[in-house]
Amino acid sequence: MIRFLIKGLIRDRSRSLFPVLTVMIGVMLTVVLQTWFRGVESEGVQIAASFDTGHVKIMSQAYADEYDQIPNDLAFIGVHDLMQDLKKDFPDMIWLPRIKFGGLIDIPDENGETRAQSSVMGFGVDLLSSDSPEKRILNLENAVVRGRLPEKRDEILLSDEMAQQLGVEIGETATLIGSTMYGSMATYNFTVVGTIRFGITAMDRGSMIADLSDIQTALDMDDAAGEILGLFPDLFFYDRRANGIKDQFNAAHQNPEDEFSPVMLTLKEQAGFGEMLDLIKSASNIGISIFVVVMSIVLWNAGLIGSIRRYGEIGVRLAVGENKNHLYRSMIIESLCIGFFGTVLGTAVGIAIAFYLQETGIDISSMMQDATMVMSDVMRARITPGSFVIGFVPGLLATLLGTSISGIGIYKRQTSRLMKELEV
Amino acid sequence: MNNSVIIKTKDLVKVYPMGQHDLVALDHVNLVFQKGEFAGVVGPSGSGKTTLLNIIGSLDTPSDGSAVVLDRNVETLSNKEAAKLRNQHIGFIFQTFNLFPVYSVFENVEFPLLLQRMSSAARKKAVYDSLEWVHLADRAKSKPAQLSGGQSQRVAIARAIVKKPEVVLADEPTANLDAENSHHIMKTMVQLNEELGTTFVFSTHDEKVMRYLRRKISLIDGKVAKDEVISKKRGKST
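Residues numbered from 1 in each chain as written. Chains lettered and ligands numbered in written order. Predicted model: local features only at pLDDT ≥ 70, side-chain atom pairs only at ≥ 80, totals over all residues. Heavy atoms only, no water.

**Here we look at the sheet that holds strand S6 (residues 90-93) of chain B**
All names here are of chain B.
Then, in step 1: The 6 strands lie next to each other as S6-S7-S8-S3-S9-S10, forming an open sheet whose pairing is mixed. Here the strands that pair on one side only, and so sit at the sheet edges, are S6 and strand S10 (223-229). If you compare each strand with its neighbour and ignore which way they point, the axes differ by 15° on average.
Then, in step 2: Where strand S9 (residues 215-220) lies against S10, 6 bridges are found, and the strand directions are antiparallel. Among the inter-strand pairings, arginine 215 is bridged to a residue of S10, identified as valine 229.
Then, in step 3: Helix H2 (residues 79-89) rests against S6 and strand S7 (167-171) of the sheet, and its axis sits at about 80° to S6. (Pairing = 2+ DSSP bridges. Helix = DSSP H or I, 4+ residues; strand = E, 2+ residues; numbered from the N terminus. Axes fitted to C-alpha atoms, helices over the stretch in contact; angles between N-to-C directions. Contact = heavy atoms within 4.5 Å.)

**Quick word on a nonpolar patch on the surface**
All names here are of chain A.
Then, in step 1: Taken together, the side chains of Leu17, Phe18, Leu21, Ile25 and Leu29 present a nonpolar region at the surface, about 410 Å² in accessible area.
Then, in step 2: As for its position among the elements, phenylalanine 18 is in helix H2 (residues 17-53).
Then, in step 3: Since its relative accessible area comes to 45%, phenylalanine 18 is described here as partly exposed. (Patch = residues over 30% accessible without salt bridge, like charges linked within 9 Å, V, L, I, M, F, W, Y side chains within 5 Å. Areas by Shrake-Rupley, 256 points an atom, 1.4 Å probe, with all protein chains shown as cover. Salt bridge = Lys/Arg side-chain N within 4 Å of Asp/Glu carboxyl O. Buried < 20%, exposed > 50% of the residue type's maximum accessible area, 1.4 Å probe, protein only.)

**Brief notes about the environment of methionine 162 of chain A**
Residue and element names in this part refer to chain A.
Then, in step 1: Assignment of secondary structure puts methionine 162 in helix H7 (residues 160-166).
Then, in step 2: In this structure, the C-alpha to C-alpha distance between methionine 162 and valine 120, residues 42 residues apart in sequence, is 8.9 Å.
Then, in step 3: Not counting the four nearest positions on each side in its chain, methionine 162 is found in contact with Ile105, Ser118, Ser119, Val120, Arg205, Gly206 and Ser207.

**Side note on helix H6 (residues 179-196) of chain B**
All names here are of chain B.
Then, in step 1: The terminal C-alpha atoms of H6, which comprises 18 residues, lie 25 Å apart, in line with the 26 Å expected from a rise of 1.5 Å per residue.
Then, in step 2: When we look at burial in H6, the residues that qualify are Ser182, Ile185, Met186, Thr188, Met189, Val190, Leu192 and Asn193.
Then, in step 3: On its buried face, H6 is in contact with strand S3 (38-42), S6, helix H4 (120-133), helix H5 (149-161), strand S8 (199-204) and helix H7 (207-210).
Then, in step 4: Two residues or fewer after H6 comes glycine 197, characterised by a positive phi angle close to 75°. (Expected span 1.5 Å × (residues − 1).)

Now the structure itself:
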């Protein structure tokens, strides 16, 4: 009997192929949308954490209070010792001392006179230590457009867009004009060894990246840093763990009486990130839920219609002597098979598309010309464990529900009426 | 019940609620069918023919009165018992053939036997015997779409008789067939009635069918208006 039913199922495309395709497409769209929302959500967090906030960040209390102005005169001194403590107390974290600074970049001609000049947003990061993870965190190797990464002191990278505007060639000198930690004017000559593009419009417009020790020298910030970023090794943000680390660190180091004592903030405590993250998460959860509900209704209806259009066959089967329980059970098993195969196929195709979107992404830079936010102009999906199961809600449950409800008609109607109404 | 009595209805009433009014489809119908009868229930549309067959076939239950089929009271049967009665003892033939389009002729005829959990070899023999009866053994592998209307109805007959039922209920079996095919179908059923002793009860208003009946029961407005025996012999030889 089972073989007989399977034979019919395979031969009748309107009972097998088309429902499987319907479920597959519905599930695929659900998976792609879910990964897309998660991608947008996590891409924003990851970029902000890598370039600006870390998952946790240590600053002096005074620096933290004036953070928007990048007040390097309030940076803390004694970075070396603090880094030793951090590596000992929190060995699982990545710790990155950085100096952010603003200034002018001046390109001299052969006579040493200004040929071109532009304001610059600079980052002093550890580029030259052999064990430094900065190149990976900032994805520098992939960001190089021309030239190479700095390999020795006094070498810098400029954003490609700015380098083109200034007409700077690789190997030329660029002079940083800024102010030291103590407020006096600072000038320092660097060699431009490469140009970079991050795919983050705000960063690509006018940034400079130099080794931390060079900036410490240039801005007279010996053993000082504006901030130390802490990141979880997989680069994903874990709110509870971050809070635990913050509490432990602040209990040991924070001194309310000393404005230069270090204080740690989590990503969510910085510049309204908490509210923004909660908002993004809520919006994406609502979006995913609405889509799952809509897709469930579509597939539920598909299951319902699929069964209703078989009332004729059902009537004959009952007349020939099949009992209602057996018939209902066979319909449920059939819809389970359809739902399961459709969901597995839809999830597989959805994950494949999501994987492509995760690795390659979609370039939206043309829409980001005037953006000032630190956000990627390549939108990517992100596959999470939930991506593998979310499709089962519309694919399996909704299909099953549709068949179950339509199958109730078998019980509610008199057999003779069922046959008569459906023109058996 | 007398051993030769196969179906008996007593004061059988069937009422369908139609909004604020009730439609009386069967009104105190008293009938007895003997084993091996070749009888037809005739009458205009809406006279209650199909309702009577549905109740005899345990597809429906009476509103009042009783219908006893093969010593089983239809109104007291559970779904499972009714299904078993239909599967083992009653064959149905419909006006529109109602073959499963994705299955072959062989598989269509085989279906009732699958429900009886018969062995594969026994099923095969029974299906081919049945197809031989209707002269379609050579079309066993064909799909219903490849058959003419007459051939499709012969497959439906084969499906109805494959389990060797005591009773075959045929609801307007020739309504969708031309004259020639109608006669072929009726001759086949007469032959089955004579050689297997199967009881046939038709519902029809087709004159071509009526010519073959040995007993004609006229229903008008749900009441038996006339019950006449036309011939004592099985079937009708023309």
